[in-house]
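One letter stands for each residue in the lines below.
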Amino acid sequence: MKTNSVRKLTIAALLIAMGVIIPMIMPKIVIGPASFTLASHVPLFVAMFFSPSIAIAVALGTAFGFMMTAPFIIALRALSHVVFAVIGANYLQKHPEIILSNKKFQVYNFIIGLVHASVELIVVAIFFLAGNSAGATYEGNLFIFLFGFIGFGGLIHSMIDYNIAFFVMKSLSKAFDVPVFLKAKEMK
C-alpha cells in the first residue's frame, strides 16, 4: 500500500514538472492573446491513464506552476483543466477497453476535447466580460476570438495533445504498468 502511494506521488510529481517545463521549451502558435503550445497538455493526459487522483494532482500542480510564471488568464485556463481531467480519468477507469479501439478512443478524445475547450472558453469569456483583460487584449470580434481561437483552436489542440499522450503511453505500457492499459489487456 505504501509503495503504491509513493509510486503515485512520484508519477504525479514528475508529470507536474513536465507540465510546467513543456510550455517553456516547446514551439508555440500565438494568434492574438490565444496561445497554443505543442504537447502542453500531454502530462495531464498521461496522468489520466493512471488515476483520477493523479490527474487532479497534475491539474492542480501545473495550475500552481502557471500562477507563478504565466499571466493570470493562462493560470485560470490551466486550473480549469481539473474539470476535464476528472471526467476523463474517471471514464477511463470505468471503460478502459476504449483504448483498444482507435475509433472509440477518438470519439472519447473528441468529447474530452469539447469539454476541455468549453471550460476554457467559459473561463476566458468570464475573464474578458468582467473587464479583467489587463495584459491580455484582443482586437476584433470577441465572438470569433472566443469560439474560433479558444473554442475550435482549443478542441484541435486538445485532440492533438491527447493523441501524443496516447501514443507515448501505449508504447510505455509495454514495459511499465499503466493502470488503464493493464485493465484493458485483462478485458481482452
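Please read all numbers here as calculations on a predicted model, not as lab measurements. (Residues numbered from 1 in each chain as written. Predicted model: local features only at pLDDT ≥ 70, side-chain atom pairs only at ≥ 80, totals over all residues. Heavy atoms only, no water.)

1. A look at a positive patch on the surface
Going by this rule: Surface patches are defined over residues having more than 30% relative accessible area and no salt bridge, joining like charges when they lie within 9 Å and nonpolar side chains (Val, Leu, Ile, Met, Phe, Trp, Tyr) when within 5 Å. For the accessible areas, the method is Shrake-Rupley and the probe is 1.4 Å, while residue cover comes only from the protein chains on display. Here, a salt bridge means any side-chain nitrogen of Lys or Arg that lies within 4 Å of a carboxyl oxygen of Asp or Glu. Charge assignment in this entry is limited to Lys and Arg as positive and Asp and Glu as negative, and neither His nor the chain termini are counted. Charge positions come from single atoms, namely NZ of Lys, CZ of Arg, CG of Asp or CD of Glu. Counting from the N terminus, the helices are DSSP H or I runs at least four residues long and the strands are E runs at least two residues long.
There is a patch of like positive charges on the surface, built from K170, K174, K185 and K188. Inspection of the secondary structure puts K174 in the loop between α7 (142-172) and α8 (179-187).

2. What about α8?
Under the convention used in this document: Only protein chains enter the accessibility calculation, which uses a 1.4 Å probe; a residue is then buried when its area is under 20% of its type maximum, exposed when over 50%, and partly exposed in between. Think of the arc as the fan of directions from the helix axis to the C-beta atoms. We call two residues contacting when some pair of their heavy atoms lies within 4.5 Å.
Residues of α8 that are buried include every one of V180, F181 and A184, and no others. End-on, the buried residues of α8 take up no more than an arc of 95°, which puts them together on one face. Where α8 is buried, its residues touch α2 (42-48), α5 (81-94) and α7.

3. Notes on the packing of helix α6 (residues 102-129) against α7
When two helices pack together, their arrangement is given by the angle between their axes and by how far apart the axes lie. Quick reminder of the rule: Geometry is summarised by axes, namely lines fitted to C-alpha atoms with helices restricted to the contacting stretch, and by angles between N-to-C directions that run from 0 to 180 degrees. Each crossing gets its hand from how the near helix is turned against the far one by less than a right angle, where anticlockwise is left-handed and clockwise is right-handed. Residues are sorted three ways: Asp, Glu, Lys and Arg are charged, Ala, Val, Leu, Ile, Met, Phe, Trp, Tyr, Cys and Pro are nonpolar, and all the rest, Gly among them, are polar.
Closest axis-to-axis distance for the α6/α7 pair is 8 Å, and the angle between their directions is 140°. As for how α6 packs across α7, the hand of that crossing is right-handed. Across the contact of α6 with α7, the residue classes break down as 20 nonpolar, eight polar and one charged.

4. Quick word on the UniProt feature "transmembrane region" (unreviewed entry) in the chain
Short version of the rule: UniProt positions are given in the numbering used here, feature names are shortened, and annotations may be inferred rather than shown by experiment.
Following the UniProt record, the feature "transmembrane region" (unreviewed entry) maps to residues 12-30, 42-66, 72-93, 105-130 and 142-164 here. Helix and strand shares over residues 142-164 are 100% and 0% respectively, and the end C-alpha atoms of the span are 31 Å apart.

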